[in-house]
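# Structural overview
Now for the letters of each chain:
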Amino acid sequence: MTAPVLVVAAAIVDDLDDPRELLAARRARPASLAGRWEFPGGKVDPGEAPEEALHREIREELGVRIGLGAELAGPDEGAWRLSDRYVMRLWLAEVVDEGVPEALVEHDALRWLPTGQWHEVPWLDADVRIVTALAERIGTAASHR
């Protein structure tokens, strides 16, 4: 069995220090995923560091620059297993330089979801547990203020 392909994604929030909204991106393709929501990101190219790949993917997909916060480590050797073919690493991030994200490539819509409403869009099946873990982490962080 070949090793799964590493993909990277960003949980883009409105403010890394006090997150109140999460950006969700609706897939436009392939047909089997169209209409479902996900964290923006993509594959890591050979020789590319995961963080570099994430910055590149967000510029390509959303047309903005991001600042990275902490990584949300997953339960599968630090990553999140999406399928037999893919594993994902995910970082909290925020838009920098006053940019406004746009659905440029893989997506046909973007939506800022307020805290408490993060599960109100039909996420890709593999992302549902990540949204839950992220909400728990953000909620825990918020309760320590």
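Our subject is the structure that appears above.
Now for a description of the structure that goes with this document. (Residues numbered from 1 in each chain as written. Predicted model: local features only at pLDDT ≥ 70, side-chain atom pairs only at ≥ 80, totals over all residues. Heavy atoms only, no water.)

Below, the discussion takes up unusual backbone geometry. In this chain, R29 is followed by P30 through a cis amide linkage whose omega measures -10°. Take P30: it is sitting in the loop between β2 (21–27) and β3 (37–38). Despite not being glycine, E77 shows a phi value in the positive range, around 55°. Considering the arrangement of structural elements, one finds E77 in the loop between β5 (65–71) and β6 (80–81). (Helix = DSSP H or I, 4+ residues; strand = E, 2+ residues; numbered from the N terminus.)

A word on the pairing of strand β7 (residues 86–96). Remark: a regular strand shows side chains that alternate across the two faces of the sheet. Relative to β7, strand β1 (residues 5–12) runs parallel, the two sharing 8 bridges. Residue A10 lies in a different strand from β7, and its bridge partner there is W91. In this sheet, β7 lies alongside β5 in antiparallel orientation, the contact comprising 5 bridges. The partner of L68 across the bridge, within β7, is A93. As consecutive antiparallel partners, β6 and β7 are separated by 4 residues. (Pairing = 2+ DSSP bridges.)

Spatially, 3 strands are ordered β3-β2-β8 in an open sheet, and the strand pairing comes out antiparallel. This sheet does not close on itself; its edge strands, each paired only once, are β3 and β8 (107–114). Of the pairings in the sheet, the one linking β2 to β3 comprises 2 bridges and is antiparallel in character. Counted as the bridge partner of A25 is E38 from β3.

Here we take up the pattern of salt bridges. The final tally for this structure, using the stated rule, is 13 salt bridges. In this structure, D108 engages R26 in a salt bridge whose closest nitrogen and oxygen atoms are separated by 2.7 Å. Here the residue D108 occupies a position in strand β8, and R26 occupies one in strand β2, the gap between them amounting to 82 residues. Salt-bridge contacts for D97 lead to R65; the nearest nitrogen and oxygen are separated by 2.0 Å. With D97 in the loop between β7 and β8 and R65 in strand β5, this pair connects stretches of sequence that are 32 residues apart. Salt bridges sharing common partners tie together D45, E48, R56, E57 and E60. (Salt bridge = Lys/Arg side-chain N within 4 Å of Asp/Glu carboxyl O.)

If you look at the biggest cluster of nonpolar residues, it comprises 23 residues, and the most contacted ones within it are L22, F39, L90, W123 and L134. When residues of this core are traced back to their parent elements, those giving at least two are β1, β2, β7, β8 and α2 (125–143). The leading source of residues in this core is α2, at 5 residues. (Core = buried A, V, L, I, M, F, W, Y, C linked by side-chain atoms within 4.5 Å. Buried < 20%, exposed > 50% of the residue type's maximum accessible area, 1.4 Å probe, protein only.)

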